[in-house]
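Chain residues, written in single-letter form:
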Amino acid sequence: MVAAVIALLLVAVLLAGYLTLRASLPRLSGTLRQAGLVAPVRIERDWRGVPTIEAANREDLAFATGFVHAQDRFFQMDLSRRAAAGELSALVGRAALEHDRIARLFRFRAVARAVMAAATPRQQAIAAAYARGVNAGLADLGARPWEYWVLRARVEPWKPEDTILVIHAMWWDLQVNSLKRAMVRLDLNSALGGPLCAGGWKCALQFFYPQGTSWDAPNAPGDAPPPLPEPAIPGPEALNVRAAPPAPSPAGGAGTEPVSGSNNWAVAGRLTASGAALVASDMHLNQRVPAVWYHARLRLRASATAPALDLNGVTLPGTPLLVAGSNGHVAWAFTNSYGDWADVQRIACGEVSDDHFVSGTTRVALTTVHERIAVRGAAPDDLAVRSGEAGVLLERDSARGICWFGRWLAQLPAATNMNALALEQVDSAAAALDLAPQIGIPHQNAVLGDAAGHIGWTIFGRIPLQTGARRAAGESPWTDATTHPRLLDPRAGRIWTANARPTADPRQLQLLGGPIADLGADYDLGARASQIRDDLAGLRGPATPADMLRIQLDDRAVFLARWQALLLGLLDRAALAGHPQRGAFRDLVAHWNGRASVDSVGYRLVRAFHEHSAQAAWEMLLAGAGLDPQGRLRPAQFEGPLWRLVISQPQHLLVARYGSWREFLLAQVDAAAAQLAHECADLPTCTWGRYNTVRIAHPLAQALPGGLGAPLNMPVVQLPGDQDMPRVQRQEFGASERFAVAPGHESEGYLHIPGGQSGHPLSPYYRAGFMAWARGQPLPLLPGPAQHILTLTP
């Protein structure tokens, strides 16, 4: 009897939980009256849950966009605004406190309020309508979103300023690591005897951070520009690793941080099948559940005061804008633009208090704001945000007597805005280029194409005209249409960007790189860019969207081909004698297929050898300069110097425990083999797919006990691709979407994302489309026939 009662109670609890979970599913059909609308809004959903939202005015369209975003993705929106504002701890507790303490240094909540206060009346009205729609969508759910039941937390209403915080969250994701990279660069410069590259090409720092590499493929109006000269290898008077005190053995294999970036390109209409320009996009980000982007079609009916609007592409939950896609006249796509968007200073410091710090014998004034961080389940945390003439105090290394101060453009209210709304109505690539200087988002390489066949490149993001050390101080005027970087209709009929050096124009490079323009400005290596350039040049016949997808899925290991050849030459008869594991290693490398395919063992072995060689050389050089390599990730541009070291083999840059560079390289083969033997029971089974296994997880999956969180995640898949090729996939870092579209020919375009439209695990749209993304299968850009229709009426 007792057992039966317990069983009934268990069933009742499970049923109650299930019904509560179902109650938070969104309304898909019917008619719903909503205050604040001017006219009815129609929301259709197709088989994937992709909405087509049709309204009579822009404010009603924003309201309905907020409504569907909230019902499908509110938890994602909430995490974004909290991450930017440093308010995650109030929701999840002390686990997020370290993040919040860093985020609060930039006081983005206050910045967002200032941005919204400075917005135009139309922008304020659209943001307010979107916020009302978000809150209406939440109110219409039968229960609060399921994540808040799991967390036992209440839902905070959406505010217009929260939309700006979501944009600030993208600033954070795309640029905050540049501050840490600047610290590494300045530490190395100090160790090499700075000042920062005052010696031009003789500056030793430029060897570590070259402006260009042999992989560069910048865009140009006419013929391809010549490669930039390579900096000289530092002589022993600048850096003598061999004479340096012994350092620990290099760890090897740590690698670089994944580059927050993307691929995009455009093909001029004279080279396409449709006659319109063709624009392709795959933005690379950390992948999660739900997916970063939300596929939507946003439409306005024509009126006496405004033309019709038909936007297709991806939106960002938390904002009422189309981020990338087509308006029927112009299509646009983004890649992250590296450059100098922050000023970081390394200052000697001793005593630090709320009103001053001591540098040498000088007392330097500080001002302090105390930020109170709410922490769920614990007492609030007080954070002293100290600022001075050099910016905010980012970090203090008391052991070395160093303070790091920084200013970041993201902290300036004038750097962020909603001016991208104007893209909705542009009718030519040239008109979109003219808008670029006024668009306030984290800096992006914008590639554009229009229905008439024109193509262009520019930077979306505000750029200070000042290119010196104080460019982020808010003192400089911004570029305008006459000074902003841009390129329209190059002779080649093709434009591409992939986070590398995007242009060969010296003035444009100076505007992007500021004081670190001669140090590569944090650009990516350029291997992806050059492979995309060559793929585009190799197209036979007029280009189609199918051609674009083939390039996006190109997993050929062009970048590592020279390392495979080096490895085969290194593992000669003498190297193999007495080392049977090297012989097995060589046989597998010799039979690689030249691709980062899931079944390739040779690719994984070559990659492991390259990573160990790169990391060991980086750590060796840092240690030779007297710096602890721990935590100092090597820059992407280091590939150029690394190859020159391997080929030139300067003895003074080789640590003393190796008799020769050959010995150093053979040690890296052995280290790679040992690592792979640990990871795989048998070397011939050590495929790339076993490493590149993609597990895209929901942030709450690990918080649920007993494996209950596993159903929240996407299917586990082994995928081809890697970092330095068009198909970027490095475990859970990769293409957050792929699309191609010719404006005016949207019905021929495709778009897929690594997840479904809905963030609700009981929704049929939770995983819809994921496997098409994983398999590289195109899905239509335009939503299909309506399966559900919801009408919002005033």
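Below: a short report on this structure. (Residues numbered from 1 in each chain as written. Predicted model: local features only at pLDDT ≥ 70, side-chain atom pairs only at ≥ 80, totals over all residues. Heavy atoms only, no water.)

Turning next to the sheet that holds strand β19 (residues 486–488). Reading across the sheet, the eleven strands line up as β1-β27-β2-β3-β6-β7-β8-β9-β17-β18-β19 and stay open at both edges, with mixed pairing between neighbours. For this open sheet the edge positions go to β1 (30–33) and β19, each flanked by a neighbour on one side alone. On average, each strand axis in the sheet is inclined to that of its neighbour by 25°, with strand direction left out of account. Note that strand β18 (residues 455–460) and β19 share three bridges and pair antiparallel. Note that in β19 the partner of W457 across the bridge is L487. (Pairing = 2+ DSSP bridges. Helix = DSSP H or I, 4+ residues; strand = E, 2+ residues; numbered from the N terminus. Axes fitted to C-alpha atoms, helices over the stretch in contact; angles between N-to-C directions.)

Contact pair helix α2 (residues 58–85) / helix α8 (residues 160–175): the axes reach a minimum separation of 8 Å and the direction vectors enclose 75°. As the angle between them shows, α2 and α8 are arranged roughly perpendicular. In this structure, α2 uses M77, S80, R81, A84 and A85 to contact α8, whose residues at the interface are D162, L165, V166, H168 and A169. Looking at the contact of α2 with α8, its residues break down into six nonpolar, two polar and two charged. (Parallel < 35°, antiparallel > 145°, perpendicular 65-115°, else oblique. Contact = heavy atoms within 4.5 Å. Nonpolar A, V, L, I, M, F, W, Y, C, P; charged D, E, K, R; others polar.)

Take helix α20 (residues 661–679) next. Taking 1.5 Å of rise per residue, the 19 residues of α20 would be expected to cover 27 Å, and the 27 Å separating its terminal C-alpha atoms lies within 8% of that figure. Along α20, the residues classified as buried are W661, F664, L665, L666, Q668, V669, A672, A673 and L676. Those residues of α20 that are buried are in contact with α15 (561–570), α16 (573–576), α17 (580–590), α18 (601–624) and α19 (639–648). (Expected span 1.5 Å × (residues − 1). Buried < 20%, exposed > 50% of the residue type's maximum accessible area, 1.4 Å probe, protein only.)

In terms of burial, strand β16 (residues 402–408) is largely enclosed, as seven of its seven residues are buried. Across the two faces of β16 the burial is the same, with I402, W404, G406 and W408 and C403, F405 and R407 all buried. The pairing of strand β15 (residues 391–397) with β16 spans five bridges and is antiparallel. If you follow L393 over to β16, its bridge partner there is F405. What sits between β15 and β16 in their antiparallel hairpin is a turn of four residues, with G401 showing a positive phi close to 70°.

Contact geometry of α17 with α20 gives a least axis separation of 10 Å together with a crossing angle of 85°. Between α17 and α20, the interaxial angle falls into the category roughly perpendicular. Facing Q581, R582 and F585 of α17, the residues of α20 in contact are L666, V669, D670, A672, A673 and L676. Residue composition of the contact of α17 with α20, by class: six nonpolar, one polar and two charged.

Within the structure shown, the criterion is met by 22 aromatic pairs. Aromatic side chains F770 and W773 sit 5.7 Å apart centroid to centroid with 40° between the ring planes, which places their arrangement in the tilted category. Of this pair, F770 and W773 are both found in helix α22 (residues 770–775), three residues apart, which corresponds to roughly one turn of the helix. Each member of the pair, F770 together with W773, is buried. An aromatic cluster is built from F106, F108, W171, W172 and W408, whose rings are joined through pairwise contacts. Here R185 stacks its cationic end above the ring of Y209, 5.9 Å away from the centre of that ring. Positioned over the ring face of W643 is R562, at 4.3 Å from the centre of the ring. (Phe/Tyr/Trp six-rings, centres within 6.5 Å; stacked < 30°, edge-to-face > 60°. Lys NZ or Arg CZ within 6 Å of the ring centre and 35° of its normal.)

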